[in-house]
Amino acid sequence: DKGLAVFTSGGDSQGMNAAVRACVRMAIYLGCKVYFIREGYQGMVDGGDCIQEANWASVSSIIHRGGTIIGSARCQDFRERQGRLKAANNLIQRGITNLVVIGGDGSLTGANLFRQEWSSLLDELVKNKTITTEQQEKFNVLHIVGLVGSIDNDFCGTDMTIGTDTALHRIIEAIDAISSTAYSHQRTFIMEVMGRHCGYLALVGGLACEADFIFIPEMPPKVDWPDRLCSQLAQERSAGQRLNIVIVAEGAMDREGHPITAEDVKKVIDERLKHDARITVLGHVQRGGNPSAFDRILACRMGAEATLALMEATKDSVPVVISLDGNQAVRVPLMECVERTQAVAKAMAEKRWADAVKLRGRS
Ligand code: ATP
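The text that follows walks through the structure, step by step, so that each part is easy to find. (Residues numbered from 1 in each chain as written. Predicted model: local features only at pLDDT ≥ 70, side-chain atom pairs only at ≥ 80, totals over all residues. Heavy atoms only, no water.)

Let's shift gears to the overall build of the protein chain. Along its length, the protein chain carries 11 helices and 11 strands. Its C-alpha atoms give the protein chain principal-axis dimensions of roughly 80 × 50 × 35 Å. Nonlocal contacts in the protein chain, meaning residues at least 24 apart in sequence, comprise 75% of its contacts between residues at least 6 apart. Carbon and sulfur atoms make up 51% of the accessible area of the protein chain, which totals about 16,400 Å². (Helix = DSSP H or I, 4+ residues; strand = E, 2+ residues; numbered from the N terminus. Contact = heavy atoms within 4.5 Å. Areas by Shrake-Rupley, 256 points an atom, 1.4 Å probe, with all protein chains shown as cover.)

You can see Ile-92 is positioned in helix α3 (residues 81-93). For Ile-92, a relative accessible area of 2% corresponds to the buried category. Taking the C-alpha atoms as reference points, Ile-92 and Leu-207, separated by 115 residues in sequence, lie 50 Å from one another. Setting aside its immediate chain neighbours within four residues, Ile-92 contacts Trp-118, Leu-122, Ile-131, Gln-135 and Phe-139. (Buried < 20%, exposed > 50% of the residue type's maximum accessible area, 1.4 Å probe, protein only.)

Unlike most non-glycine residues, Glu-39 shows phi in positive territory, near 60°. The residue Glu-39 is located in the loop between β2 (33-37) and α2 (40-46) in this model. The phi angle at Glu-210 is positive, at roughly 55°, despite the residue not being glycine. Topologically, Glu-210 is positioned in the loop between α7 (200-208) and β7 (213-215).

Next up on the list: the nonpolar core. Core analysis: the largest hydrophobic core is formed by 36 residues, its most contacted members being Met-44, Leu-91, Leu-99 and Phe-114. The biggest single contributor to this core is helix α4 (residues 105-127), with seven residues. In contact with Leu-91, other than residues within four places in its own chain, are Ile-37, Met-44, Ile-96, Leu-99, Phe-114, Trp-118 and Leu-142. Core analysis: the second largest hydrophobic core is formed by 34 residues, Val-24, Ala-54, Ile-62 and Ile-322 among them. (Core = buried A, V, L, I, M, F, W, Y, C linked by side-chain atoms within 4.5 Å.)

As a further point, take the packing of helix α8 (residues 225-238) against helix α9 (residues 262-273). Viewed as axis vectors pointing N to C, α8 and α9 meet at an angle of 65°, and their least axial separation amounts to 10 Å. Read as a crossing pair, α8 and α9 show a hand that is right-handed. The residues of α9 that touch α8, namely those facing Trp-225, Pro-226, Asp-227, Leu-229, Cys-230, Leu-233 and Ala-234, are Asp-264, Val-265, Val-268, Ile-269, Arg-272 and Leu-273. In terms of residue class, the contact of α8 with α9 is built from 10 nonpolar, no polar and three charged. (Axes fitted to C-alpha atoms, helices over the stretch in contact; angles between N-to-C directions. Left-handed = near helix turned anticlockwise from the far one by under 90°. Nonpolar A, V, L, I, M, F, W, Y, C, P; charged D, E, K, R; others polar.)

Taken together, 16 residues lie around the ligand, and Gly-11, Arg-74, Cys-75, Ser-107 and Arg-196 are the ones closest in. Between the ligand and the protein, one listed contact pairs an oxygen atom with a side-chain N or O atom of Arg-74 at 2.7 Å. In the complex, the protein chains occlude 85% of the 620 Å² of accessible area that the ligand would expose alone. Here the element with the most residues in the shell around the ligand is α4; it accounts for six residues. Split by residue class, the shell around the ligand holds four nonpolar, eight polar and four charged. (Near = heavy atom within 4 Å. Polar contact = N/O pair within 3.5 Å; in protein donor to acceptor, adjacent residues only side chain to side chain.)

Below, the discussion takes up the sheet that holds strand β6 (residues 187-193). Spatially, β7-β8-β6-β9 is the arrangement adopted by the four strands of the open sheet, whose pairing is parallel. The two strands at the open ends of the sheet, each matched to only one other strand, are β7 and β9 (276-281). Each strand of the sheet is rotated relative to its neighbour by a mean of 15°, with strand direction disregarded. α9 rests against β6, β7, β8 (244-249) and β9 of the sheet, and its axis sits at about 175° to β9. (Pairing = 2+ DSSP bridges.)

As far as function goes, none of this settles anything; it's purely spatial.
Here it is, written out as structure tokens:
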């Protein structure tokens, strides 16, 4: 009769529904009482209808749907202790002490904090006479397991996050479509793709579509990038190619830390090469649509494993994320992954700063 709840938080990604479905069905199979929490942490804080019991049928016919049917949100209240106190009470009242959080590093950090604070939150709820000491004793440990839902593939500890493969499909479909018209008119297309601070989508999408030049945040180009870009594009044309494709990751920047935008690239091409250059910003199309087979299966495996991990957790076990390692769904300590992810972001920012200082001759 264990109470388990699943929720999606932060930005949505394709495959989240498949993960929700697998968590719910595995939990029912194992005899749990399962709940959806709608609208992420906001629903946990608000309680009421936002926390609803799920059954086998309530997750039927969602495996193929993009987005998240239980909604996702960013929630300021949960960042405050008062919000987390309300959330704890809402869970206790329903006997929920097992959570599957499907989100990015922020959502997982919030979940870890909630777990660490759990006993002090329960102490406060007893003190306020909101819950009884019996309830406190019965529900004294909160178990959490994380699944990473993000199209960016920007999380350390897993080979792939849920949604990345589908986003890549959206990107290559779009580049293929653009390439055919670019070919007809001998145009150059500059495509801006998502990924925030991570260049994975730009790099892999570009490789899969024979892009001529790719800008990613992890490898800022040398200061003479306009020369290199133009000579590369000119060389391709002189070899008989009728079109050029340039990919710009949304987080792309130069070595001084200034963003490199699709407009910057177009300006260089317009001025120096006089190509007929056009910009296409793919935007949220990349986050939409039906999940690929890979994301559906990945999410199913991860969702089922998340429920199993919760059922096997003891009061001393550390929270884990379910990761893909090679072809295995494995359990990795949650905070270790979050800390590594944040350390990579910090190291990149420091490198940019060091490069900028060096370039300005102020080292
Ligand atoms: P995405 O990768 O799409 O941005 P994310 O999970 O990283 O997903 P965030 O906006 O960082 O998205 O976090 C989602 C929610 O998680 C926040 O709105 C907040 O409610 C909660 N959260 C994030 N960080 C913390 C924190 N340090 N303490 C408490 N709650 C947090």
